[in-house]
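Observations on the three-dimensional arrangement
What follows is each chain in one-letter form.
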Amino acid sequence: MDVLIFALLTFLGAVGAGVLGALLGLGGGIIVIPLLTLLLGVDIHHAIGASAVAVIATSSGAAASFVRQGLTNRRVALFLQIAATLGAVSGAVATGYVGGQALYLILAAVLTFSALAMFRRRRGESSSQVIDHPWSARLRLSGSYRDQVEGQVVRYGVAGVPQAVGVMYAAGIVSGLLGIGGGALQVPTMDILMRMPVKVSSATSNFMIGVTAVASAGIYFARGDIVPVIAGPVALGVLLGALLGAPLMVRLRGTAIRRVLILVLVVVAAQMAVKGLGLIIG
Amino acid sequence: MAQRQAVAPPTGIAGRLGPAIGWARRGVPAKREALVEAGRLARPGGADRARPIELVISRTLRAGILVASALVALGLVLLLFGAYAGGAHPTLASVLASAEGGQPVLRSPAEVITALGRFEPNALVDLGLLVLIVTPVASLLLSWLQFWLERDYAFVVITSSVLVITAGSLLWGAIR
C-alpha cells in the first residue's frame, strides 16, 4: 500500500474515532487499535502508541468545547482521577504477578453488567431528583449546565461517591494491568453509581482520560512506540473528529447518547471476551 | 471568587428552620423542599454563565491543539513529499525503514530539538505530538491555579496529587 493511501485511510478512520470519542467519552483506542492492526497491518506497539496520542487528541479537542459550556465537571474529574491513577500505578506494579486472560473475562463481565444496568434505566431520570451524597456536599461536586436540547439549565446532584472511588481504583488497576484506557468503565460509573446526567458523565470522562493518557503517551514516546508517519495522521484525524463530534454531542438528546453508549459497551465487552477466551485457548 | 451556587448553604432563620418545618409537616413535598433548602438536593433552574477560568482553560486547550496540528500537518506534508521525491512508490514499510519516517525513532524532547536543527520533517511531526501530549497538563495547572486563588485547599491538594502521580508514573515508566 502506498504510504499516501495509508496516511489518508488512517486519517479518515481517526476522524470517526474522534467523533465517537467526543460523543461518548471513552477515548479512541477501541477504534484506532483495530483499525491500525487489523485493517492496515501496523505493528501492535506502534498502534498502541498512536492510540495514546488519539486519546489525548480526543480529550483536548472535546474539552475545548465542553469545559467552556460547563459540561465538564472538573471537580468530579480530579477527585476520581486520584483513585484512577493510583489504581493504574498499582496495576502497572502488579503486572507479571497477575494473569491477563482472567482479567479480560472479568472486564467483559463488568462491561456487560454496566451495559445492562444502563439499558434498564435507558430513559434516564430527572437529575434534580438525585440526592447529593454527603461527600459531594462537602467537596462541592454537584453542578449545573445548560442543556441545548431541553433549552434549560440542568442542575444535578452527585450520589454514591465512596462506591465510585472504589470502582475507579479497581478500574485503574485493570487499565494498568491490561494497558487499556479506563474510559469504558468511567462513564458507566458516573452514570450508574453517581447518577450524573449522561452528557456530564461523557464530558467529564473525556477530561479524565486525557490526563491519564499523558503519562502513558510520554512512556510510549520514550520507548520509541510513537512513530510520526502513523501517529501524525491519527492525531490530525482525531482532532478534526473531536471538533465535529463535540457540537454533535451537545445537540443530541441524552437518551440518544445512552443508546450509542450501551451499544459500544456491548461491542467492547465482546472484544474483551474474545481476547480472554483466545488467550485461554491459545 | 466565583462559588458554585448549587450548594449555597441556607441562610437566615428560614434556612435553619427549613428541615424542622419540613419534618413538622411530615409531607413528602415539604421534606423535598427542606432538602433543597439544605442544599442536599439539586435545585432545578438557576443562573447560567461561563466562568472566566473555564474560558481561559478552553482557549489554552484550543491554542495547544492549533499549534500541535499545524506542526504535525506541515511535518507530514514535508515527510510524504520527501518520501515521493525518491521516485519509487514508497510504502509504509519503506517509509518506516527510512530516516524520514523516523528510523531511528526520536525518543526524547532533546532528540527532537537536535533533529529539528537538521531540518528533519519527522522531528516537526514529533514536536507537534509533544505539544499535544502536554496540552492536558496545561489545563491541570490552570485548575490548580484556580483552586489556589479561590482558597479551595482541599482541591489544591487533590490537583497537586494528580500532577505528582502523573509526573511520577511518567518518570518511572520512561526510565524502565
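Residues numbered from 1 in each chain as written. Chains lettered and ligands numbered in written order. Predicted model: local features only at pLDDT ≥ 70, side-chain atom pairs only at ≥ 80, totals over all residues. Heavy atoms only, no water.

**Some thoughts on the overall build of chain B**
A count of helical and extended segments in chain B gives seven helices and zero strands. Along chain B, helices and strands appear, N-terminal first, in the series α-α-α-α-α-α-α. Residues counted as buried form 40% of the 176 residues belonging to chain B. Considering only intrachain contacts with a sequence separation of at least 6, the fraction spanning at least 24 residues in chain B is 49%. Carbon and sulfur atoms make up 70% of the accessible area of chain B, which totals about 9,800 Å². (Helix = DSSP H or I, 4+ residues; strand = E, 2+ residues; numbered from the N terminus. Buried < 20%, exposed > 50% of the residue type's maximum accessible area, 1.4 Å probe, protein only. Contact = heavy atoms within 4.5 Å. Areas by Shrake-Rupley, 256 points an atom, 1.4 Å probe, with all protein chains shown as cover.)

**Side note on the interface of chain B and chain A**
Residue-level contacts link 74 residues of chain B with 69 residues of chain A. Summed over both partners, the interface of chain B with chain A comes to about 6,300 Å²; 70% of that surface belongs to carbon and sulfur atoms. At the boundary of chain B with chain A, the tally comes to three salt bridges. For the salt bridge of B:Asp152 with A:Arg140, the shortest nitrogen-to-oxygen distance reads 3.2 Å. Our count for the contact surface shared by chain B and chain A stands at 10 residue pairs in polar contact (both at pLDDT 80 or more). If you list the elements that add at least two residues to the side of chain B that touches chain A, you get α2 (28–37), α3 (52–85), α4 (92–97), α6 (121–149) and α7 (153–175) of chain B. (Buried area = accessible area lost by both parts, 1.4 Å probe. Salt bridge = Lys/Arg side-chain N within 4 Å of Asp/Glu carboxyl O. Polar contact = N/O pair within 3.5 Å; in protein donor to acceptor, adjacent residues only side chain to side chain.)

**A word on the confidence of the model for chain B**
Residue and element names in this part refer to chain B. Mean pLDDT over chain B stands at 75; residues scoring 70 or higher make up 67%. Mean pLDDT across the elements of chain B ranges from a minimum in helix α1 (residues 12–25), with 42, to a maximum in α6, with 94. Scoring of the predicted complex yields 0.83 for pTM and 0.89 for ipTM. (pLDDT = per-residue confidence, 0-100.)

**Looking at the packing of aromatic side chains**
Per the counting criterion, the structure on display carries three aromatic pairs over all chains. Considering the side-chain rings of B:Trp144 and B:Trp148, the 5.6 Å spacing of their centres and the 5° angle between planes classify their relative orientation as stacked. Highlighted residues: B:Trp144 and B:Trp148, both in helix α6, separated by four residues, approximately one helical turn. For B:Trp144, a relative accessible area of 27% puts it in the partly exposed group. On the numbers, 5.8 Å between centres and 75° between planes, the contact of B:Trp148 with B:Tyr153 is edge-to-face. The class of B:Trp148 is partly exposed, set by a relative accessible area of 43%. Residue classification places B:Tyr153 among the partly exposed residues on the basis of a relative accessible area of 43%. Through a chain of ring-to-ring contacts, three or more aromatic side chains come together here, namely B:Trp144, B:Trp148 and B:Tyr153. Here the basic side chain of A:Arg75 rests over the ring of B:Phe155, its NZ or CZ set 4.2 Å away from the ring centre. (Phe/Tyr/Trp six-rings, centres within 6.5 Å; stacked < 30°, edge-to-face > 60°. Lys NZ or Arg CZ within 6 Å of the ring centre and 35° of its normal.)

**Regarding the pairing of strand β2 (residues 152–156) of chain A**
All names here are of chain A. Burial within β2 is extensive, with four of its five residues counted as buried. As defined by bridge partners, strand β1 (residues 143–147) adjoins β2 across five bridges and the pair is classed as antiparallel. Counted as the bridge partner of Arg-146 is Val-153 from β2. Hairpin connection, β1 to β2: the antiparallel pair is bridged by four residues, and Gly-151 has positive phi, about 65°. (Pairing = 2+ DSSP bridges.)

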